[in-house]
Each structure stands twice: as structure tokens, then as C-alpha cells.
Amino acid sequence: MKEKILEIKNLTTRFHMVDRDITAVDSLSFDLGSHEILAIIGESGSGKSVTNLSIMKLIDEPGEISAESRILFRDGDKYLDLNKLSEKEMERIRGDRISMIFQEPSASFNPLFRLGSQVGESLHLHGKRNKEEAYHEALKLLAQVHIPNFSLRAQDYPFQMSGGMLQRMMIAQALACHPDILIADEPTTALDVTTQAQILGLLKEKQKETGMSVIFITHDLALVEDFCDRILILYAGSLMEEGNARDVISNPMHPYTRDLLRSIPKPGMFKDKDKLFAIPGKVPDPGEKIEGCPYAKRCTGCTAECLAKKPDITEKDGRKVRCFHAYS
Amino acid sequence: MLTVKNLVKHYPLKAGRFSSSLEKIHALNGVSFTLGSRQTLGIVGESGCGKSTLAKAILGIKPPDSGQIILDPPDTRMQYIFQDPYLSLNPKMQVKDIITEPMRAADMITRHDVPREAERLLELVGLPKDWGTKYPHEFSGGQRQRICIGRAISSKPGIVICDEPVSSLDVSIQSQILNLLLELQDKLNISYIFIAHNIAVVLYMSDIVSVMYAGYIVESATPQELYSNPMHPYTKLLLSVVPEIGRNKRIFEQKITGEVPDLIHMEPGCPFYGRCPMHKDVCRTAIPQLKPGEKSDHSCACWLYQ
């Protein structure tokens, strides 16, 4: 792998509820290379969003990032441990060095302010431009994300825009300070497929132009194969499999990955001739006590060992997998 | 079983205090189709194409402005499965009452029969039969959708309209629900109108697929035919941007131009004109009709073929 921009070591995030503790992310370790697009795949409760909120240190009470978690972010030639930074120091990183875009663009803008001022806001907040300069910079950014009539649209309020246009605006906002890392949390899930293709194209274009690294969170395995460089597969807060995107998709090692791939209908599959594989059971509830492998109860290859003990991660040829009976 | 002719539904916009404008959203602009018994009609399209309005117009939830809906036999029951099982179950009702409510509404059973019927239905949709006394919050999303399906089939409907039945569920749960719908269709001889934005899911589930755009059906064919010989440029676009594992489609490199049409101020021509890479002069001035092409079971509304 190329130079690392971010190293996550043993990230554990818990939520202390009244009656129980919920471990949303369970000692997760991974790296993000510079210029890399990394996909984090998971279903609800897999911990994919909490992982990224943890990186941004946006975990509030009753949540807690454990003290032994390391979130090492490269700053020049040394690494900063974000987990040890104060809130004041984190504020300087958020929106400047690491920025985020979210699933629902209409819920992420303030409905009471014009879009132009919101897009340039981070430049002003981080002290790089005064308000007027920030607005001019915002216009340039809107042009860069291909918004037609951008100087007029900058005067609009969020409710006047379509979902796709708003998502472009949010990307412009996130890119304002030239971040090293962009975290995109299900950025296309709320969009139509044609708009999704446009937004993915825009993200790819900007990533190539700026050389930033991207963490792309999604539940949709089909999206990431040729869009991302590497994939992490999470299930119930644990890493199940990691590897080069194409390798993982074409040659999954974990039963969960393989089952997911088999259960997604592909165009060209018809009910008369193709049987759709259905994974039995359901995703574990948050806080559910799991002794062995989190996927054991739904896995067709489950053995007594899988139910008794959680397998460790094994690593071979740049692939990681957490399974006693991994396919090779 | 169901014939729909020239269905039109326009939603009036609330006029401002000082304006007398009578603007309206052209949600459905003349939709016709037929649905046979035990058949699944798939309807695919993007947000705003009128697919949910169509479903609601057929059921009379949003009565159409004009057009005909003919049921054969006329007393055929219709039921609905909604997208979000978290919003479509009454949190204060026990599951046994939820799942048998349509039967009681139709006077098929009395209160006394509820536990027995609930057990039968729960088993039919793959849930433990003694869960009838639980409340919706005790169930996961997939289990809730099973309850919704149980409720929909309880009154022995001839037609069930499924409006995005899996799009709010986890990926690993979706195929369970799709398989359950197919299994129940086999057992109970139901016809489905299956509405979704995901063309892969619609192709898989349906016997006939209609593609909707801006309140029109723009193409209609068997799923096999639609997949291998798409005619309408919009269908081709949809197929080119649907993510597909193992095909290396690079959907992020697809060139997509133009904007979705304004449903309030509709232009006179083909609604896809503004985004169509193949458009001709006639496309801007006149709306193409849905007509069979070379094959009689493959219709398309596009000037390229007329």
C-alpha cells in the first residue's frame, strides 16, 4: 500500500445504556492510504457509521471511544492521535483536514440560510477567508461541482434544490478547505440511480483532482467493485473481511460476503430460472450477547467451534478474514 | 383480472393568497395496462415518475381524475404492502389483531376466530405462530414486513400492490422477503403489482415490466425481452446505471445529461426529450404513443420506432 494517511488501531466504541452496554464497534483496525478510496460495507448495526463518527470524534454521551483506541492521523511527517486531542483541537481538524458528507443532503443544510453562505462557511470558520471572500470562494466551488447557473443557485435556499443538486452542494462544502480525507456516509442512498451515477462520477473526479483519500460507507456491495480500491466488510461491529475491492468481490473468503453476493438480484436474473439465495435469520440486535462468531447463527457452514469462540483475524496476501473455515 | 385504461391524476398546487393560478403536478398522464391472474406486473421508475400515484389511484386512495379501472371479477379484493414497515403497523395493536384486521373489516371472521387465524397467517409468512400477542416494536424490520405481508394476504385478495416492499430493509433480508412473496403467489394464486426503483429487483420478480417516466409508461415487455432488447433510451439509461456485481460497468463514468422534467410546467413533446441523447425534432413537439414494435409483446413510446 501507498503511504498511510490514517491508521486505526483497536477502535472500540461503546454506548452505555441504562440496562446494558452496546459495543457498536469492536476493536477494529484498518489503514487508509493516501489517494485511496476505501469502502466500508455493512448492514444496519454493523458499526459502519459509528466507525466514522468515532474518527471525527463525534460520539456523544452515553457513547464512549475506549481509551486504548488509536486514531492516528498523519500530520506532516508525524502522526496525531485524534483520540487524545481535546475538543478544541478536534474542531480545527473537522471540516478542514477531514470532512464528511451524509446520506440525506436536505437534512444536512440549515434551511434558513442561503446555500452560498453555507458552502463557504468552513473557510470562514477556519479563519482562511473573511465572509465576503468565503462567498466568492463558494461560487468557484459550486462551479467546480458542475452546478448550472451557480451564481443564481447560490442565492437559493435548500428547499429549492433537488436531492442531486443538494448533494453536489454538500460535496462543494466538504471540499472547501481541501481536506486530506473525505468521509462519505451513504452519499447516494437517498438518490435515484441516474443521479447516483452522476454523484459517484463527481466524487471520483474530485478525488483524482485533489488526491484526497475517501472513506466511502455503503450497504450496497454492487456499488463499490470498480469505484473503490479496497473494501472492509463489517458485521455486528466486527471486521469480517478486508482486501482489494476486486479480489473480495470476485473471490470472497468469508461466508457472509459470499452469502451477501449471492442474495442480491442482478439484472438478467429471472424468477423462472434463477433461485435467489436468502440468508436465514436476522441481523443481531444491538447489545445482543454474542459468544462466538457474530455471523455463526446465520451461516450455513457453522460448526460448534464457531458458536463457542469468536475467530481471530487471519491475514494472507493482503487479505484479512475472520473465519475458522474461510474459503481460499 | 385488472384492466386500467388511460388513468390520469393531476395534483392541484395550493394557490398563493393573491394568485389565481391553477397550477398542478402532472403525476399520471394516461396510463393503461392489463394484469392477468397469478401474474406480476412490475413497475420501475425513479422518484416522481408516478409509480406510487398509480398504485394509490388503482386502490382509490387517491381517486384518479379520469380513466377506467376495471376489475374482473368485479368483487376482486385488493391489498397494499407499503415500503416502510416501521410506519405501516399500528404500535398500539397486538400482532394478532393487526394481521387479521382486513378479515374482520370484510366480515370474514368474528373476534372469536382471531387467535386461530392469526396463528395460521403467522405460520404462512414464516413467523413463530405463538407471536400473536407481541407488539410491533418487538420485531425487526424484516419480521415487520412479514407481518405486513400476512395482513395483506389475510383477506384472500386477488391483487396485492407491493410499493417498494424491500427498499427499506437490510440487504441480507431483502431476498427472504422476495422469496416469500413468490412462494405466497404460488400457494394463493395472487396477482402482484410490484413497484420498485431497482430495475434488477423488478426484472427478477415480474412477468411483465413497465418502465415509467414523468407519469407515462414509456416501455413495456417481458423482463427477459426488456433486459436483452431495451428499446426506449430511458430504459437503456436505467440499465446502464444500475450497479451490477462482477460486470465492471464503471457507472460513475456514464455521461448523463439534462434534468428531470418539470411536472408542473410540462413541455408539449416527449417528457424524456431533455435527457435523450437520440432526440429528433419531432420529439420536442409531439408525445409518442405506447405502441408495439416488431414483437407484439414489446411496446415502446418513442419516436425512434414510430
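Since the structure is predicted, the reported quantities are computational estimates derived from the model, not experimental observations. (Residues numbered from 1 in each chain as written. Chains lettered and ligands numbered in written order. Predicted model: local features only at pLDDT ≥ 70, side-chain atom pairs only at ≥ 80, totals over all residues. Heavy atoms only, no water.)

Caption draft 1: How the structure looks around the overall build of chain B. Assigned secondary structure in chain B consists of 9 helices and 11 strands. The C-alpha atoms of chain B give 21 Å as radius of gyration, which agrees with the globular expectation for 306 residues (19 Å, within 12%). Projected onto its principal axes, the C-alpha positions of chain B cover 65 × 55 × 40 Å. When each of the 306 residues of chain B is scored for burial, the buried share is 54%. For chain B, long-range pairs separated by at least 24 residues make up 65% of all intrachain contacts whose partners lie at least 6 apart in sequence. By element, 52% of the accessible surface of chain B is carried by carbon and sulfur atoms, the whole surface being about 13800 Å². When the 33 positive and 31 negative side-chain charges of chain B are each reduced to one mean point, those points stand 3 Å apart. (Helix = DSSP H or I, 4+ residues; strand = E, 2+ residues; numbered from the N terminus. Rg over C-alpha atoms; globule rule 2.2 N^0.38 Å. Buried < 20%, exposed > 50% of the residue type's maximum accessible area, 1.4 Å probe, protein only. Contact = heavy atoms within 4.5 Å. Areas by Shrake-Rupley, 256 points an atom, 1.4 Å probe, with all protein chains shown as cover. Lys, Arg positive; Asp, Glu negative; His and termini not counted. Charge placed at Lys NZ, Arg CZ, Asp CG, Glu CD.)

Caption draft 2: The overall build of chain A, seen in detail. Within chain A, the regular secondary structure consists of 13 helices and 13 strands. Its C-alpha atoms give chain A a radius of gyration of 21 Å, within 12% of the compact-globule value 20 Å for 328 residues. For chain A, the C-alpha atoms occupy an extent of roughly 65 × 55 × 40 Å along the three principal directions. Burial statistics for chain A: of 328 residues in total, 56% are counted as buried. Relative to all contacts within chain A whose residues are 6 or more apart in sequence, the contacts with residues 24 or more apart total 63%. Summing over all exposed atoms, chain A offers an accessible surface of approximately 14400 Å²; the carbon and sulfur share of this is 51%. Between the centroid of the 43 positive side chains of chain A and the centroid of its 48 negative side chains there is a distance of 2 Å.

Caption draft 3: Representation of the confidence of the model for chain B within the structure. Residues and elements named next belong to chain B. Across chain B, the average pLDDT comes to 92, with 98% of residues at or above 70. Within chain B, no element has a lower average pLDDT than strand β10 (residues 291–292), which sits at 92, and none a higher one than strand β3 (residues 40–44), at 97. In the predicted assembly, ipTM is 0.87 and pTM is 0.90. (pLDDT = per-residue confidence, 0-100.)

Caption draft 4: Expanded view of a nonpolar patch on the surface. Residues and elements named next belong to chain B. Together, M278, L304 and Y305 line one region of the surface with nonpolar side chains, adding up to about 260 Å² of accessible area. Here Y305 lies in the segment after β11 (299–300). Y305 sits in the partly exposed class, given a relative accessible area of 39%. (Patch = residues over 30% accessible without salt bridge, like charges linked within 9 Å, V, L, I, M, F, W, Y side chains within 5 Å. Salt bridge = Lys/Arg side-chain N within 4 Å of Asp/Glu carboxyl O.)

Caption draft 5: Spatial organisation of the packing of aromatic side chains. Overall, the coordinates contain 11 aromatic pairs over all chains when judged by the stated rule. Aromatic pair Y80 of chain B and F82 of chain B: ring centres 4.4 Å apart, planes at 40°, arrangement tilted. A relative accessible area of 8% places Y80 of chain B in the buried class. An aromatic cluster is defined as three or more aromatic residues linked by ring pairs; in this entry it consists of F216 and F227 of chain A together with F252 of chain B. (Phe/Tyr/Trp six-rings, centres within 6.5 Å; stacked < 30°, edge-to-face > 60°.)

Caption draft 6: Region of interest: the pattern of salt bridges. With the rule as written, the count across this model stands at 42 salt bridges over all chains. When the shortest N-O distance is used, the salt bridge between D186 of chain B and R38 of chain B registers 3.0 Å. Here the residue D186 of chain B occupies a position in helix α5 (residues 171–188), and R38 of chain B occupies one in the loop between β2 (24–35) and β3, the gap between them amounting to 148 residues. A cluster of three or more residues bridged by salt bridges with shared partners is formed by E36, R230, E242 and K320 of chain A.

Caption draft 7: Representation of the sheet that holds strand β5 (residues 78–81) of chain B within the structure. All names here are of chain B. The 8 strands lie next to each other as β5-β6-β7-β3-β8-β9-β11-β10, forming an open sheet whose pairing is mixed. Strands at the two margins of the open sheet, each flanked by one partner only, are β5 and β10. Both strand β8 (residues 208–213) and strand β9 (residues 216–221) contribute to a ladder of 5 bridges, which runs antiparallel. Considered in β9, the bridge of M212 is made with I217. Taken strand by strand, helix α4 (residues 141–154) contacts β5 and β6 (159–163), and its axis lies near 175° from that of β5. (Pairing = 2+ DSSP bridges. Axes fitted to C-alpha atoms, helices over the stretch in contact; angles between N-to-C directions.)

Caption draft 8: Representation of the interface of chain B and chain A within the structure. Listed by partner, the interface residues are 42 residues for chain B and 45 residues for chain A. Summing both partners gives a buried area of about 3800 Å² for chain B against chain A, and 60% of it is carried by carbon and sulfur. At the boundary of chain B with chain A, the tally comes to 1 salt bridge. The residue K271 of chain A makes a salt bridge to D207 of chain B at a minimum N-O spacing of 3.3 Å. At the junction of chain B and chain A, the tally comes to 19 residue pairs in polar contact (both at pLDDT 80 or more). At the level of secondary structure, the elements contributing two or more residues to the side of chain B that touches chain A comprise α5, α6 (199–205), α7 (223–228) and α8 (233–241) of chain B. Looking at the side of chain B that touches chain A, the element that brings in the most residues is α5 of chain B, giving 9 residues. Considered class by class, the residues forming the side of chain B that touches chain A number 20 nonpolar, 13 polar and 9 charged. (Buried area = accessible area lost by both parts, 1.4 Å probe. Polar contact = N/O pair within 3.5 Å; in protein donor to acceptor, adjacent residues only side chain to side chain. Nonpolar A, V, L, I, M, F, W, Y, C, P; charged D, E, K, R; others polar.)

Caption draft 9: Structural context of the environment of L125 of chain A. All names here are of chain A. Looking at where L125 falls in the secondary structure, it is placed in helix α5 (residues 121–125). For L125, a relative accessible area of 62% corresponds to the exposed category. Along the chain, L125 and G47 lie 78 residues apart, while their C-alpha atoms are 30 Å from each other.

Caption draft 10: Molecular detail of the nonpolar core. Counting 68 residues, the largest nonpolar core has I149, L181, L184, F194, M205 and Y234 of chain B as the members making the most contacts within it. Among the elements that make up this core, the one with the highest residue count is α5 of chain B (7 residues). Once residues within four sequence positions are removed from consideration, L184 of chain B is found in contact with L124, V125, I149, I153, N189, I190 and Y192 of chain B. Of all hydrophobic cores here, the second largest spans 66 residues; its members include L139, V145, L166 and I249 of chain A. (Core = buried A, V, L, I, M, F, W, Y, C linked by side-chain atoms within 4.5 Å.)

Caption draft 11: Fine view of the pairing of strand β7 (residues 191–196) of chain B. All names here are of chain B. Burial analysis of β7 places 6 of its 6 residues in the buried class, the great majority of the element. Here β3 pairs with β7 via 5 bridges, running parallel. Paired with G42 across the bridge in β7 is F194. With 5 bridges connecting them, β6 and β7 associate as parallel partners. Each residue of the ladder has a partner; that of I161, found in β7, is I193.

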